[in-house]
Amino acid sequence: MKSLKLTVAALVASAAFAGVAVARDQVQIAGSSTVLPYAKIVAETFAETYPDFKTPIVESGGSSGGLKEFCKGVGPNTIDVANSSRPIKESEVEACKAAGVTEIQEVKIGYDGIVFATDSGNADLKLVPKDLYLGLAAEVVVDGKLVANPYKKWSEVNKDLPDAEIAAYIPGEKHGTREVFEEKILAAGCKDAGALDAIKAAVSDEKEQHAKCVAVRKDGLAVDIDGDYTETLARIAANKSGIGVFGLSFYENNADKLKVATVNGIVPSTETIASGEYPVSRPLFFYVKKAHLGVIPGLKEYVEFFTSDDMIGPDSPLAEYGLVAAPEAEREEIRKAFADGKIM
Amino acid sequence: MSQVSTSPSMAAVGASAKPERRDIGLRGRYAAERRFRFYGMAAIAFGLLFLFLLLFSVVSKGYTAFQQTMITIPVEFSQQIIDKNNERATNPQKLVTANYPVVARNALAKVLGVSEDDRAGLKAVNGMISDSVRVQLRNLVTADPSIIGTTQKVTFLAHGDLDSAFKGQIDLSVPETNRKVSDKQVGWMNQLAESGALSKHFNTGLFTNGASSRPEAAGVGVALIGSLYMMLIVLVLSLPIGVAASIYLEEFAPKNRFTDLIEVNINNLAAVPSIVYGLLGLAVFINFAGFPRSAALVGGLVLTLMTLPTIIIATRAALKAVPPSIRAAALGLGASKMQTVFHHVLPLAMPGILTGTIIGLAHALGETAPLLLIGMVAFVADVPATPMDPATALPVQIYMWANEAERAFVERTSGAIIVLLIFLILMNVGAILLRRRFERRW
């Protein structure tokens, strides 16, 4: 009983001392689950290359969750870096400012391709935004009028597509990927299908027009996946004719189970995405608190290591994992902007 | 009418044994009992079926994670590659930054007979070796620099994709471009396996390594230690606090509206979703008290808050179950109220308290939601030396591996579940043993 008391006392005492904030000796990172695998590779290689520094801690939790933690304030109890699969929003910059995070450095790490894939046993799939829009939108134009989506099979949308029930597994609304899907596929398809004109005639507000264009059908044929790509993969394994949305790197790791679809006739690959031929891609970022540079050991070195060509170049471990490297001039610009301490 | 019908039967019973009439009700009741037993057995069979399915799916997918493909070949620690200009005496950093992966690659290329000029071949050879070889060879060299220039037999990890292929988890019938290992690499793999250079070893790294982006080098070591720290903190804090609170409420506190209110609140807290405790922990322990993010200490404190109501409820039930006659006898013999409680009531309630504590701990062990907000759902590679260092927990590691893209993480996810189940079984066995020990005192 006495030793128990002592242990409790020691624990409480150590806890009390901890309150007098200890200086952190490793970098803390949080944010996008898309950037997570890349950040993990960099964190691990960073610690191997610089044995003096501890391995950075990388939390997942989504772009928005990460930026929210990032904007909590300045100090060792707050994270140093927020990974994001989308640019930071104006409102988030404001929230950061209000909490004292006035100096934020933006670092672009490269591009991520978003691919459509189906089970490997299916025939080759050739998609265009127009067909995807017609298959997945909530409302489409038939005979010049907006009606609830009547299509049940892909072959009804376009006779060249397979004669299979429409079943699409698309990222849920909390995913950063969803935004890219809406912009690059649904909004583009909406225009190509001529639905935008019909919508314009019906609604005058521009925001509402866009919202109508990217609204996804809710009758169960398009399924929102709120989990990760592993869930989408499991859904496709269960429904062989389903079409799923994946990140390029995830697809490449599971290429024996999936067959990738072309978009506008282009096969997605790091080359076609880098050249801009493949239309569905987005930049990936991380944000650094300038106030923490020089305070948290290893933070500056981590960012420099991350932006070096050894990590984000065209022949780097990240490119091998599926990151699409930015053109050389842009990479040079990224490094220069960080070295100059350019803030947002 | 009843008179008419009963009187002959009465007479019949009196005259000779004619049991049929009495059997009517009995048969129905027996049948009801049989039916009920059948329902009960069906329920148990149903439960067992699902337990079996769960165990089967986990074990059948996960048992391969306990073995790892490794390559054992003679490695030449070439002076040319590691320390070309012989400057390690003046510049020790040279040994740290040397290009060790090339050392391993050249060694394997030599065994496979790949020429030094065949760039594509060398790249394919490189793809068979885990990147973790860099740290392994570096540690060998920095521990003993005299091995530079010599040739040593080294066992290192094969690449995760090769490991999956060797275990038959990659479908080799699909076109070469659609899989991570090429036909050439598969050929080399079989060649190495035949000569005995490539074989499966027990995967100690699974228990000692921290998280890694390379599946072959990833392990639950950090998660195991993190879970262990948290369980210790939960035990050390919640058991004394919980038992003290329940003894006071049960034995000493007056029964009035205020204590009723406390009781209702404790029962409510036991049903609060665990994520709420995570929010509380973030606000109190990290933002207010300034504890470090991702630390096992904060995780332990949050889980303590979550476990306390369970322990208090179980302890109060155990105290209530001690017969009042024991208290009355102790008081009658002149023991004080406190002596009664600590010498007689508490020892008798101990088995119940321990059961409640273990159930609470097991619950806390499997929790991920409250850890999400305090930064413990994270990639942590370094083994935590103290509870103040960043750590993760076992269920968190399972969750994170389940979301990985690489095929080799599938078996590791199930492997980690097996480790978690073993952890839970050990805890429950411990509880049963402790309970047996205390129960003898009755």
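Given the structure is predicted, the values throughout are model-derived calculations rather than measurements.

Engineer: Give me the lowdown on the overall build of chain B, citing residues and values where you can.
Structural biologist: Each helix and strand counted, chain B has 19 helices and four strands in total. In terms of C-alpha radius of gyration, chain B reaches 33 Å, well past the compact-globule figure of 22 Å for 442 residues. Projecting the C-alpha coordinates of chain B onto the three principal axes gives extents of approximately 115 × 65 × 40 Å. Residues counted as buried form 45% of the 442 residues belonging to chain B.

Engineer: Pulling in residues and values, what's your account of the state of the cysteines?
Structural biologist: Residue and element names in this part refer to chain A. Here the structure, examined in full by the defined rule, presents two disulfides over all chains. Paired by a disulfide, C71 and C96 hold their sulfur atoms 1.9 Å apart. Here C71 and C96 share a disulfide; its torsion about the S-S bond, -75 degrees, makes the bridge left-handed. One end of the pair, C71, is in the loop between α3 (62-70) and β3 (81-84); the other, C96, is in helix α4 (residues 90-98), and 25 residues separate them in sequence. Accessibility expressed as a relative area gives 0% for C96, which makes it buried. One disulfide bridge connects C190 with C213, the sulfur atoms lying 1.8 Å from each other. When the S-S torsion is -60 degrees, as for the bridge of C190 with C213, the disulfide is left-handed. Within this pair, whereas C190 is found in helix α7 (residues 176-192), its partner C213 is found in helix α9 (residues 206-214), the two being separated by 23 residues in sequence. Each member of the pair, C190 as well as C213, carries the same accessibility label: buried.

Engineer: Lay out the nonpolar core in plain terms, naming residues and giving numbers.
Structural biologist: Core analysis: the largest hydrophobic core is formed by 143 residues, its most contacted members being F116, Y133, L136 and F246 of chain A. At nine residues, the largest contribution of residues to this core is made by helix α11 (residues 221-252) of chain B. Among residues more than four places away in sequence, those in contact with L136 of chain A are N149, W154, I166, A168, I170, F181, A215, V216, R217 and A222 of chain A. Residues A107, L122, A124 and A158 of chain B belong to the second largest nonpolar core, which totals 38 residues.

Engineer: Describe the sheet that holds strand β3 (residues 198-202) of chain B, naming the residues involved and giving the relevant values.
Structural biologist: All names here are of chain B. What the three strands build is an open sheet, ordered β2-β1-β3; its pairing is antiparallel. The sheet is open, and its two edges are formed by β2 (151-157) and β3, each paired on a single side. Adjacent strand axes in the sheet meet at a mean angle of 40 degrees, parallel and antiparallel pairs treated alike. Across seven bridges, the pairing between strand β1 (residues 67-76) and β2 is antiparallel. From the neighbouring strand, I71 faces β2, where its bridge partner is F156.

Engineer: Go over unusual backbone geometry, please, and point to the residues and values.
Structural biologist: One can expect most non-glycine residues to show negative phi and most peptide bonds to be in trans. Residue and element names in this part refer to chain B. One non-glycine residue, N86, lies in the positive phi region at around 50 degrees. Here N86 is to be found in the loop between α3 (79-82) and α4 (93-97). Its identity is not glycine, yet S294 carries a phi of approximately 65 degrees, on the positive side. In this structure, S294 sits in the loop between α13 (274-288) and α14 (296-320). By relative accessible area, which is 0% here, S294 ends up buried.

Engineer: Before we move on, could you go through the packing of aromatic side chains and cite the residues and values that matter?
Structural biologist: Scanning the entire structure with this criterion turns up 22 aromatic pairs over all chains. Their ring planes at 85 degrees and their centres at 6.0 Å tell us that Y50 of chain A and F305 of chain A sit as a pair that is edge-to-face. Linking Y50 of chain A in the loop between α2 (36-49) and β2 (57-59) with F305 of chain A in helix α13 (residues 299-307), this pair joins segments that are 255 residues apart in sequence. When its relative accessible area of 10% is taken as the criterion, F305 of chain A is described as buried. Judged by centre distance (6.2 Å) and plane angle (15 degrees), the ring pair of F202 of chain B and F207 of chain B falls under stacked. You can call F207 of chain B partly exposed: its relative accessible area is 29%. Every member of this aromatic cluster is reached through a ring pair, and the members are F46, Y50, F53, F286, Y302, F305 and F306 of chain A. Above the plane of the ring of F70 of chain A lies K289 of chain A, whose end atom (NZ or CZ) is 5.1 Å from the centre.

Engineer: So, empty space enclosed by the protein: which residues are in play, and what are the values?
Structural biologist: Counting across every chain of the model gives four cavities of 30 Å³ or more. Estimated volume of the largest cavity: approximately 80 Å³. Lining the largest cavity, in full, are E252, N253, N254, A255 and D256 of chain A together with D161, I170, N178, R179, K180 and R407 of chain B. Among the residues forming the lining of the largest cavity, the class breakdown is two nonpolar, three polar and six charged. The volume enclosed by the second largest cavity comes to roughly 50 Å³. Class assignment for the residues of the lining of the second largest cavity results in one nonpolar, one polar and four charged.

Engineer: Could you give an account of the confidence of the model for chain A, with specific residues and numbers?
Structural biologist: In the predicted model, chain A carries a mean pLDDT of 86, and 94% of its residues have values of at least 70. Across residues 16-21 of chain A, confidence stays below pLDDT 50; counting only partners more than four residues off in sequence or on other chains, it has seven contacts.

Engineer: Could you give me a rundown of α3 of chain A, with the residues and numbers involved?
Structural biologist: By the burial criterion, the buried members of α3 of chain A are S63, G66, L67, E69 and F70 of chain A. Along the long axis of α3 of chain A, the arc covered by the buried residues comes to 160 degrees, so they all point the same way. Those residues of α3 of chain A that are buried are in contact with β1 (28-31), β3, α4, β4 (104-119) and β13 (281-289) of chain A together with α13 of chain B.

Definitions and limits used
Residues numbered from 1 in each chain as written. Chains lettered and ligands numbered in written order. Predicted model: local features only at pLDDT ≥ 70, side-chain atom pairs only at ≥ 80, totals over all residues. Heavy atoms only, no water. Helix = DSSP H or I, 4+ residues; strand = E, 2+ residues; numbered from the N terminus. Rg over C-alpha atoms; globule rule 2.2 N^0.38 Å. Buried < 20%, exposed > 50% of the residue type's maximum accessible area, 1.4 Å probe, protein only. Disulfide = S-S within 2.5 Å. Core = buried A, V, L, I, M, F, W, Y, C linked by side-chain atoms within 4.5 Å. Contact = heavy atoms within 4.5 Å. Pairing = 2+ DSSP bridges. Axes fitted to C-alpha atoms, helices over the stretch in contact; angles between N-to-C directions. Phe/Tyr/Trp six-rings, centres within 6.5 Å; stacked < 30°, edge-to-face > 60°. Lys NZ or Arg CZ within 6 Å of the ring centre and 35° of its normal. 1 Å grid on protein atoms, 1.4 Å probe; cavity = no way out; pocket = protein on both sides within 12 Å on 5 of 7 lines; lining within 4 Å. Points joined across faces, edges and corners; volume = space filled by probe spheres on them. Nonpolar A, V, L, I, M, F, W, Y, C, P; charged D, E, K, R; others polar. pLDDT = per-residue confidence, 0-100. Arc of directions from axis to C-beta.

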